[in-house]
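# Working through the structure, step by step
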Amino acid sequence: MTDRIVLAYSGGLDTSVAIGWIADATGAEVIAVAVDVGQGGEDLEVIRQRALDCGAVEAYVADARDEFAEEYCMPALKANALYHDKYPLVSALSRPVIVKHIAKAAREFGASTMAHGCTGKGNDQVRFEVGITSIAPELKCIAPVRDLALTRDKAIDYAEKHNLPIATTKKNPFSIDQNVWGRAVETGFLEDIWNAPTKDVYDYTDDPAFPPVPDEVLITFEKGIPVAIDGQKVTPLQAIEIMNQRAGAHGIGRIDIVEDRLVGIKSREIYEAPGAIALIEAHKELENVTLEREQARYKRRITDEWTELVYDGMWSSPLKDSLEAFIEDTQRYVSGEIRMQLHGGKAIVDGRKSDTGLYDFNLATYDEGDTFDQSAARGFIEIYGLAAKQAAARQARLGY
Ligand code: ARG
């Protein structure tokens, strides 16, 4: 039987050419699988047909939008996951769900190998291949761009020579990866890290310098998950989509960073994640109301670990699962409502309500009738500061 290879297909030039390129180089049949993670853009049926026209023996589209929102974006929201304190893991979250569908397709079609269109310099090759190793260790991996010398120029020549139904003239200087959780843009003039992004870099967000009138939004959470917006019930996918629109209109979630890749390279990325950033902001503030102090402090450390594992392609690692069990447990009382003002590039919380919170008005108030016994503070401070006091006295005595 002819060998079969499942290709993670985007519909773009590189993976379209890769279909024939892989077949020529290996003699295998290529099955193209496109995974819908809410990237928008071209109709996926058009993409499916293109794969067949480019020589795939089978092509299909997996609708993973709800799954991606529920099982990948929501854990990231519960964690408040921001790599380098800024990047909400857009691409890092989508690779594992793509891997899952590729592995499923490989089993269905009896393929021995999976292929992806990543270069040898990025994180995504690692996420794909470590992901496959973890959930379908029987599959081999190849990367035509990296392993079969498929350069951009060769791809253009190949597409033109074989008359492939894919534009080769459209000059997009950027490498873009997008899904419902956000959008990543790199390369081109952005590689000079002194160059500011131009307007055409952005797509999910409008210019925050010219904001419409402020937009007030109420987000209801249940155990860390957004379940209603302005009182209307929503699924996780709908919550992200609605917030992408509303926060995007105010230019919220534009990020410009130099980040540390797993492979050791520093790279410059522009991200837009209006929904993710607004939801994380709201979720964080609800946690401020509902998490116990030590638990909240500890969770930040767990979040950093979780975020780095996910960024580093370890979605299926046992450590990530264990950390997630902790995070999940912290979300037990993270229920309530957050009011935010979306305006001028910022999502600012200005109201919170929770029946499961720890904020106690009678303890906090400086008005008459508080229930806090202030006289107890003296003894507390005496003991709390004792070690520091002893150390200071020693220093005064010894002088060094
Ligand atoms: N640097 C980001 C990450 O590793 C995004 C990678 C994909 N970016 C791109 N523009 N193609 O998660």
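Located above this text is the structure these notes cover.
As a convention, each chain's residues are numbered from 1 in the sequence order in which they are written. For a predicted model such as this one, the threshold for reporting local features is a pLDDT of at least 70, and the threshold for listing and counting side-chain atom pairs is 80 or more; totals across whole chains, interfaces and linings nevertheless cover every residue. The side-chain numbers reported here are obtained from all heavy atoms of the structure, hydrogens and water having been left aside.

This brings us to the sheet that holds strand S11 (residues 254-260). Spatial strand order, S6-S7-S12-S11: 4 strands in an open sheet with antiparallel pairing. Looking at strand neighbours, the two that pair on one side only are strand S6 (175-179) and S11, the edges of this open sheet. The average undirected angle you get between the axes of adjacent strands in this sheet is 20 degrees. Sheet topology note: the S11/strand S12 (residues 266-272) ladder contains 7 bridges and is antiparallel. The partner of Ile 257 across the bridge, within S12, is Glu 269. Any two residues having at least one pair of non-hydrogen atoms within 4.5 Å are treated as being in contact. Only the stretch in contact is used when a helix axis is fitted, and all axes are lines through C-alpha atoms; the angle between N-to-C directions ranges over 0 to 180 degrees. A run of DSSP states H or I qualifies as a helix once it reaches four residues; a run of E qualifies as a strand once it reaches two. Both are numbered from the N-terminal end. With respect to the sheet, helix H4 (residues 90-109) is in contact with S6 and strand S7 (182-186), its orientation differing from that of S6 by roughly 70 degrees. Strand pairing is defined by DSSP finding a minimum of two bridges between the two strands.

Another point: the packing of helix H3 (residues 65-79) against H4. Axis separation between H3 and H4 bottoms out at 10 Å; the angle between their running directions is 140 degrees. The orientation of H3 with respect to H4, classified from their angle, is oblique. Seen from above, H3 lies across H4 with right-handed handedness. Along its contact with H3, which presents Glu 67, Phe 68, Glu 71, Tyr 72, Cys 73 and Ala 76, the element H4 presents Val 90, Leu 93, Ser 94, Pro 96, Val 97, Lys 100 and His 101. Amino acid classes used here: Ala, Val, Leu, Ile, Met, Phe, Trp, Tyr, Cys and Pro are nonpolar; Asp, Glu, Lys and Arg are charged; the rest, including Gly, are polar. Residues of the contact of H3 with H4, tallied by class, amount to 8 nonpolar, 2 polar and 3 charged. Working definition: roughly parallel below 35 degrees, roughly antiparallel above 145 degrees, roughly perpendicular at 65 to 115 degrees, and oblique for all remaining angles. Each crossing gets its handedness from the near helix: less than a right angle anticlockwise from the far helix is left-handed, clockwise is right-handed.

This part covers the pairing of strand S8 (residues 215-222). The two faces of the sheet receive side chains in turn, since in a regular strand these alternate between them. Partly exposed describes any residue whose relative accessible area lies between the buried limit of under 20% and the exposed limit of over 50%, with all areas from a 1.4 Å probe on protein chains only and scaled to the type maximum. Here S8 shows one buried face, formed by Asp 215, Val 217, Ile 219 and Phe 221, and one open face, formed by Glu 216, Leu 218, Thr 220 and Glu 222. Relative to strand S13 (residues 336-343), S8 runs antiparallel, the two sharing 7 bridges. Bridging from a neighbouring strand, Ile 219 pairs with Ile 338 of S13. Both S8 and strand S9 (residues 225-229) contribute to a ladder of 4 bridges, which runs antiparallel.

Taken together, 14 residues sit near the ligand, with Tyr 87, Asn 123, Ser 175, Glu 259 and Glu 269 positioned nearest. Take Arg 127: an N or O atom from its side chain is 2.9 Å from an oxygen atom of the ligand. Contacts to the ligand include Glu 269, whose side-chain N or O atom sits 2.7 Å from a nitrogen atom. For every accessible area listed, the method is Shrake-Rupley and the probe measures 1.4 Å; residues are considered covered only by the protein chains on display. When isolated, the ligand has an accessible area of 340 Å², and the protein chains bury 93% of it. Of all the secondary-structure elements, those providing two or more residues to the shell around the ligand are H4, helix H5 (124-135), S6, S7 and S12. Residue composition of the shell around the ligand, by class: 5 nonpolar, 3 polar and 6 charged. Throughout, the term near means that a residue has one or more heavy atoms lying within 4 Å of the molecule or strand in question. We define a polar contact as two N or O atoms separated by no more than 3.5 Å, with the added condition that, inside protein, one atom must be a possible hydrogen donor and the other a possible acceptor, whereas residues neighbouring each other in sequence contribute only through side-chain atom pairs.

Take a nonpolar patch on the surface next. On the surface, Phe 380, Ile 381 and Tyr 384 cluster together to form a nonpolar patch covering roughly 410 Å² of accessible area. Position of Tyr 384 among the secondary structure elements: in helix H13 (residues 376-384). A relative accessible area of 66% means that Tyr 384 is categorised as exposed. Each patch is assembled from residues with relative accessible area greater than 30% and no salt bridge, linking like charges that lie within 9 Å and nonpolar side chains (Val, Leu, Ile, Met, Phe, Trp, Tyr) that lie within 5 Å. Here, a salt bridge means any side-chain nitrogen of Lys or Arg that lies within 4 Å of a carboxyl oxygen of Asp or Glu.

Right, let's talk about the pairing of S11 for a bit. With burial as the criterion, only one face of S11 is covered, namely that bearing Ile 255, Ile 257 and Glu 259; the residues Arg 254, Asp 256, Val 258 and Asp 260 on the opposite face remain uncovered. With antiparallel pairing between neighbouring strands as the criterion, S11 and S12 make up a hairpin whose turn holds 5 residues, including Gly 264 at a positive phi of roughly 95 degrees.

Bringing the nonpolar core into the picture now. What is meant by a nonpolar core is a set of buried Ala, Val, Leu, Ile, Met, Phe, Trp, Tyr and Cys residues, joined one to another through side-chain atoms within 4.5 Å. Phe 68, Leu 89, Leu 93, Trp 181, Trp 306 and Met 340 are the most contacted members of the largest nonpolar core, which has 81 residues in total. The greatest single-element share of this core, amounting to 11 residues, is contributed by H4. Among the nonpolar cores identified, the runner-up in size contains 27 residues, and Ile 5, Ile 22, Ile 47 and Leu 164 belong to it.

Further remarks concern the packing of H4 against H5. In contact at an axis separation of 9 Å, H4 and H5 are set at 45 degrees when each is read in the N-to-C sense. By the angle between their axes, H4 is oblique relative to H5. For the crossing formed where H4 meets H5, the hand is right-handed. Across from Ser 91, Ala 92, Arg 95, Ile 98, Val 99, Lys 100, Ile 102, Ala 103 and Arg 107 in H4, the residues of H5 making contact are Asp 124, Arg 127, Phe 128, Gly 131, Ile 132 and Ile 135. Within the contact of H4 with H5, the residues separate by chemical class into 8 nonpolar, 2 polar and 5 charged.

You will see that Asn 163, though not glycine, has its phi angle at about 55 degrees, which is positive. Along the chain, Asn 163 turns up in the loop between helix H7 (152-161) and S6. A relative accessible area of 68% places Asn 163 in the exposed class. Located in the positive-phi region is Thr 187, a residue other than glycine, with phi close to 70 degrees. Along the polypeptide, Thr 187 turns up in the loop between S7 and S8.

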